[in-house]
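For reference, the chains in residue letters:
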Amino acid sequence: MVGLVFLMKPRESAAFIASVSKDVKLNPVGIKRVASELVQAIVSHEFEPNNMMIHSYPLSVTEDTSSIEWMFVADALNFSFWALEENAHYSVELRGKQYTGYMALCAAMTKAQEAGIPITNPKYYANVTKETVNEIFMSSTGEPIPMLEQRWIILQECGKIINDKFEGEFCNCVRQSGNSAQKLLDLVVSNFPSFRDEGVIEGERVSFYKRAQILVADIWSVFKGKGLGSFSDIDTITMFADYRVPQALVHFGAMEYSEKLYKFLSTNHTFTNGDREEMEIRGCSIHAVELIKEELKSQSVDFNKEELPINSAMIDYFLWEYRRRFAADLAKVPYHKVRCIYY
């Protein structure tokens, strides 16, 4: 049981999972295709690296500490928005526009703030009631947000931890990182239990840290790599292993499923967090993006020096947004469904 002692970080976990994967394989041709698509998208200004996250939000996110508090709440609750029926996903209307999935969560937070509810204040959400959380995040159809109970518990837990350990502001946690992405990742994972996105495969402890890593990358992105978002080691952050980016990777042929797994996915099979198939999909997705990053480096593409550098977080944003923009085309690619708090 010696292997159970050491916990691999996401990048090492992904490389290991890809090396032992049985039902998910990576295809070098598809890897090159994603790299090529990304280069074309940046050159044509179809994808703007400097705006890769900000323009996706229903509200104006600014470079100040209030944005950090906002992003912490959003990423603490950034999980499980899918529905079994493709046209029945969680949705929220804001200013006459309908948002789905994670963007619906952001829209609900924006509506709460506009109504004077201090949803990003830890002193408030540490004691928020389940009924209030239900009202704040209610869908446009009058349905509760998926996993309401867990979201309420996480909000209260996170609020209490911030109040007890970080003097009531998550930005104090960011300051403690000393401008290190890995240090901030470690601080988040060690202090906030709901961010501990880990598993065991073939006797080895592996980690994915989807929400913790995306929180670090969101701060980096909003601050454009400066000030509180200046992380000297941002390149150590991997992609954020969810259930949507793998769809894009399969679409481009970078990732391939076995016939058995494809049938599982096509029948809306619901996996359990920690199932081997689920970990193979997530681990191989992370490793695929690492390979795409290496491919981009080998091409020596000279992008605008004012732009944020190409890294795994940016490739993830590109794939995630591509899936949203071409949702109708990618709907034919089945994705893995898991009800859990990690993604």
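In the nomenclature of an unreviewed UniProt entry, the protein chain corresponds to Queuosine 5'-phosphate N-glycosylase/hydrolase from the organism Daphnia similis. The UniProt entry for the protein chain carries this comment under Function (unreviewed entry): "Catalyzes the hydrolysis of queuosine 5'-phosphate, releasing the nucleobase queuine (q). Is required for salvage of queuine from exogenous queuosine (Q) that is imported and then converted to queuosine 5'-phosphate intracellularly."

## Digging into the overall build of the protein chain
Scanning the protein chain from N- to C-terminus turns up 15 helices and 8 strands. Here the C-alpha atoms of the protein chain give a radius of gyration of 19 Å, agreeing with the 20 Å that 2.2 N^0.38 yields for 343 residues. Dimensions of the protein chain, computed from C-alpha atoms along their principal axes, come out at roughly 50 × 50 × 45 Å. Across the 343 residues that make up the protein chain, the buried fraction comes to 58%. Put simply, 76% of the contacts in the protein chain that link residues at least 6 apart link residues at least 24 apart. On the protein chain, roughly 14,000 Å² of surface is accessible, and the fraction owed to carbon and sulfur atoms is 52%. In the protein chain, 36 positive and 45 negative side-chain charges are present, and the distance between their average locations comes to 1 Å.

## Some points on the pattern of salt bridges
Here the structure, examined in full by the defined rule, presents 14 salt bridges. When the shortest N-O distance is used, the salt bridge between K263 and E259 registers 3.7 Å. With K263 and E259 both in helix 12 (residues 259-266), this residue pair falls 4 residues apart, about one helical turn. For the pair K263 and E259, a shared accessibility class is recorded, and that class is exposed. By sharing partners, the salt bridges in this structure join R11, E290 and K293 into a single network.

## Remarks on the environment of Y342
As for its placement among the helices and strands, Y342 is situated in the segment after strand 8 (337-338). Each C-alpha atom, one on Y342 and one on T100, is 19 Å from the other, the two residues being 242 residues apart in sequence. Aside from chain neighbours lying at most four places away, what touches Y342 is F79, S194, R196, D197, K210, R211 and N273.

## Quick word on the pairing of strand 3 (residues 97-100)
Inspection of the sheet shows strand 2 (residues 91-94) paired to strand 3 by 4 bridges, in the antiparallel sense. Looking at the pairing, V92 lines up with Y99 of strand 3. Following strand 2, the chain reverses through 2 residues before pairing antiparallel with strand 3; R95 in that reversal takes a positive phi of roughly 50°.

## Digging into the packing of helix 2 (residues 28-43) against helix 14 (residues 312-325)
Contact geometry for helix 2 and helix 14: axes closest at 11 Å, N-to-C directions at 85°. One finds that helix 2 runs roughly perpendicular with respect to helix 14. Residue-level inspection shows V34, E37, L38 and A41 of helix 2 in contact with helix 14, the latter providing I315, F318 and L319. Grouping the constituent residues of the contact of helix 2 with helix 14 by class yields 6 nonpolar, no polar and 1 charged.

## What about the packing of aromatic side chains?
Tallied over the entire structure, the rule returns 17 aromatic pairs. Taken together, the ring pairs in this structure connect F47, F252, F318, Y322 and F326 into an aromatic cluster. K337 extends its terminal NZ or CZ atom over the ring of Y335, reaching a point 4.0 Å from the ring centre. Across from the ring centre of W82, 3.8 Å away, lies the NZ or CZ of R339, which sits over that ring.

## Focus: unusual backbone geometry
Located in the positive-phi region is R95, a residue other than glycine, with phi close to 50°. Note that R95 resides in the loop between strand 2 and strand 3. If you check the backbone angles, E167 has positive phi at about 55° while not being a glycine. Topologically, E167 is positioned in the loop between helix 7 (148-165) and helix 8 (170-176).

## Description of helix 1 (residues 10-20)
Of the positions making up helix 1, those classed as buried are P10, S13, A14, F16, I17 and V20. One face of helix 1 carries all of its buried residues, which in axial projection span an arc of 165°. Where helix 1 is buried, its residues meet strand 4 (198-201), strand 5 (204-207), helix 10 (210-222) and helix 13 (276-299).

## Re the nonpolar core
Core analysis: the biggest nonpolar cluster contains 121 residues, and F72, F137, F170, L184, F192, I219 and L319 have the highest contact counts within it. Ranked by residue count, the leading element in this core is helix 4 (residues 101-114), at 9 residues. Among all residues touching I219, those that are not within four sequence positions of it are I68, M71, F170, V174, L184, L228, G229 and F231.

## A short note on the state of the cysteines
Evaluation of the coordinates by the stated rule reveals 0 disulfides. A disulfide-free cysteine, C173 has its sulfur positioned 9.6 Å from the sulfur of C171, the nearest such atom.

Scoring rules and cut-offs
Each chain carries its own residue numbering, running from 1 in the direction its sequence is written. Local features in a predicted model are, by the rule used here, given only for residues with pLDDT of at least 70; side-chain atom pairs are given and counted only at 80 or more, and totals for whole chains, interfaces and linings are based on all residues. For side-chain calculations, the full set of non-hydrogen atoms in the structure is used, while hydrogens and water are omitted. UniProt positions are given in the numbering used here, feature names are shortened, and annotations may be inferred rather than shown by experiment. Here a strand is any run of E in DSSP of at least two residues, a helix any run of H or I of at least four, and the numbering for each starts at the N terminus. Our radius of gyration is a C-alpha quantity, and the globule rule it is checked against amounts to 2.2 Å times the number of residues to the power 0.38. Each residue gets one of three labels from its accessible area relative to the maximum for its type: buried under 20%, exposed over 50%, partly exposed in between, using a 1.4 Å probe on protein chains only. Contact between two residues is taken to exist if any of their heavy atoms lie within 4.5 Å; hydrogens are not considered. Per-residue and other accessible areas follow the Shrake-Rupley method at a 1.4 Å probe size, with only the shown protein chains counted as cover for residues. Asp and Glu are treated as the negative residues and Lys and Arg as the positive ones, with His and the ends of the chain left uncounted. Working definition for charges: the position is that of NZ of Lys, CZ of Arg, CG of Asp or CD of Glu. Put simply, a salt bridge is a Lys or Arg side-chain nitrogen that is within 4 Å of an Asp or Glu carboxyl oxygen. Note on pairing: DSSP must find at least two bridges between two strands before they are called paired. Lines are fitted to the C-alpha atoms to define the axes, a helix being fitted only along its stretch in contact, and any angle between axes, read from their N-to-C directions, falls within 0 to 180 degrees. In these notes the angle categories are as follows: under 35 degrees is roughly parallel, over 145 is roughly antiparallel, 65 to 115 is roughly perpendicular, and the rest is oblique. Three classes are used: nonpolar for Ala, Val, Leu, Ile, Met, Phe, Trp, Tyr, Cys and Pro, charged for Asp, Glu, Lys and Arg, and polar for all others, with Gly counted as polar. Stacked, tilted and edge-to-face are the three classes applied to pairs of Phe, Tyr and Trp rings, where Trp contributes its six-membered ring and a pair requires centres within 6.5 Å; stacked means planes under 30 degrees apart, edge-to-face means over 60, and tilted covers the rest. The rule is short: NZ of Lys or CZ of Arg within 6 Å of the ring centre and within 35 degrees of the ring normal puts a charge over the ring. Note: the arc covers the axis-to-C-beta directions of the helix. Here, nonpolar core means buried Ala, Val, Leu, Ile, Met, Phe, Trp, Tyr and Cys residues that are tied together by side-chain atoms lying within 4.5 Å of each other. Pairs of cysteine sulfur atoms within 2.5 Å are what we label disulfides.

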